[in-house]
Amino acid sequence: MTGVTSFVKAFLIPGSFVFLMWGMVFGLVLARFRGRAGKWGMRWMMMLVVTYLVLSMPFTANLLLSGLSGGYSSVQDINEIKDTTAVVVLTGGANTYRVGDNEIRALPRVSAFRALEAARVYGLMEDPLLVISGGVVGDALNAESEVMREALIKIGVPSERIIVEAQSRNTREHAIYLQPLLKDHHISRFVLITSPSEMWRAKATLEAADLHPIPSVTAEWTERRRRWLPTDAALRLSRSSILGYMGLVYYWSRGWI
């Protein structure tokens, strides 16, 4: 299933370069034919260009995100989380650079913001446990949670307060592997850290596994002043939101939320 999911994300979701490239190739092939097929090829390419233009507008990106984030915000007051004993942060990927058997991994933007939010919430609380959930994805040698652990230690979180869950590869598996781990550490209620576009699905999935998260979303890119000028950041956010909607539908259809 992981392979199918990776294929869908890479090839079937508007917003990526790969989708645009293969979409244009398909349109060009149709355009070489005469008659209706050729006309539909031109229409398809025009539709593709317009779609990418609209998705790359900050107005569209913010609109998509607002419908997906479920109104969740970041925790600011310790009184909101006074009955919690832990922070749980879900990883969001890691960039891998490899030569031979040597590998360097770094946090991409999404995971970096999650780590920063986890450190901020950790600072609000009285020496809680900080659980990082995320396993080995693709052909990486190290789990994403280990990469985030190193980053959190660098920004001041004590290593002895960090617990790593290094098996999960998606939101469903986060719930499966976190359930016994949290039980073993007598953690009932906890602050859940993830991106706005994924919080709704993550919270619902964990609650379906009889866990009790209090959401605190990460910072997210928004552009309010130039809402109609296309940007790369808006396009990435639109694509992330589309993935979020599809994930909600898929998880609902499987009975996981």
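Computed from a predicted model, the values in this text were never measured in an experiment.

### Topic: the overall build of the protein
- Broken down by element type, the protein carries 9 helices and 7 strands.
- In the protein, buried positions account for 42% of the 257 residues.
- A fraction of 71% describes how many contacts in the protein between residues 6 or more apart in sequence connect residues 24 or more apart.
- Measuring between centres, the 28 positive side-chain charges of the protein sit 14 Å from its 22 negative side-chain charges.

### Some points on helix H2 (residues 17-31)
- In this model H2 runs 21 Å from its N-terminal to its C-terminal C-alpha over 15 residues, within 8% of the 21 Å that 1.5 Å per residue would give.
- Within H2, burial applies to Phe19, Gly23 and Gly27. For H2, the arc enclosing every buried residue in end-on projection is 60°, short of the 170-degree limit, so these residues lie on one face.

### Structural notes on the packing of aromatic side chains
- A complete count under the given rule lists 4 aromatic pairs for this structure.
- Taking 5.8 Å as the distance between ring centres and 90° as the angle between the ring planes, the aromatic pair formed by phenylalanine 26 and tryptophan 44 counts as edge-to-face. In this pair, phenylalanine 26 is assigned in helix H2 and tryptophan 44 in helix H3 (residues 36-55), connecting sequence segments 18 residues apart.
- Judged by its relative accessible area of 46%, phenylalanine 26 is partly exposed.
- Taking the relative accessible area as the measure of exposure, tryptophan 44 reaches 26% and is therefore partly exposed.
- Both rings, one in tyrosine 250 and one in tyrosine 251, keep their centres 6.2 Å apart while their planes meet at 65°; by these two values the pair is edge-to-face.
- Assessed through its relative accessible area of 31%, tyrosine 250 is described here as partly exposed.
- For tyrosine 251, a relative accessible area of 5% gives the class buried.

### A closer look at helix H7 (residues 171-184)
- Taking 1.5 Å of rise per residue, 14 residues should cover 20 Å, and H7 covers 20 Å from first to last C-alpha, within 8% of that figure.
- Bending of H7 peaks at approximately 35° at the position of leucine 178, with proline proline 180 no more than four residues after it.
- Inspection of H7 places Thr171, Glu173, His174, Ala175, Leu178, Leu181 and Leu182 among the buried residues, and these make up the whole buried set.
- If you follow the buried residues of H7, they end up packed against strand E1 (86-90), strand E4 (129-133), strand E5 (162-165), strand E6 (189-194), helix H8 (196-208) and helix H9 (232-254).
- Near the N-terminus of H7, the side chain that reaches the backbone nitrogen of arginine 172, with its oxygen 3.2 Å away, is that of asparagine 170.

### So, the sheet that holds E1
- If you walk across this open sheet you meet the 5 strands as E5-E4-E1-E6-E7, and the pairing is parallel. Among the strands making up the open sheet, the edge pair consists of E5 and strand E7 (212-217). Between one strand and the next, the sheet's axes are offset by a mean angle of 25°, whatever the strand orientation.
- Contacts from H8 reach E1, E6 and E7 within the one sheet, and its direction differs from that of E6 by about 145°.

Rules used throughout
Residues numbered from 1 in each chain as written. Predicted model: local features only at pLDDT ≥ 70, side-chain atom pairs only at ≥ 80, totals over all residues. Heavy atoms only, no water. Helix = DSSP H or I, 4+ residues; strand = E, 2+ residues; numbered from the N terminus. Buried < 20%, exposed > 50% of the residue type's maximum accessible area, 1.4 Å probe, protein only. Contact = heavy atoms within 4.5 Å. Lys, Arg positive; Asp, Glu negative; His and termini not counted. Charge placed at Lys NZ, Arg CZ, Asp CG, Glu CD. Expected span 1.5 Å × (residues − 1). Arc of directions from axis to C-beta. Phe/Tyr/Trp six-rings, centres within 6.5 Å; stacked < 30°, edge-to-face > 60°. Bend = angle between axes of the 7 residues up to and from the residue. Polar contact = N/O pair within 3.5 Å; in protein donor to acceptor, adjacent residues only side chain to side chain. Pairing = 2+ DSSP bridges. Axes fitted to C-alpha atoms, helices over the stretch in contact; angles between N-to-C directions.

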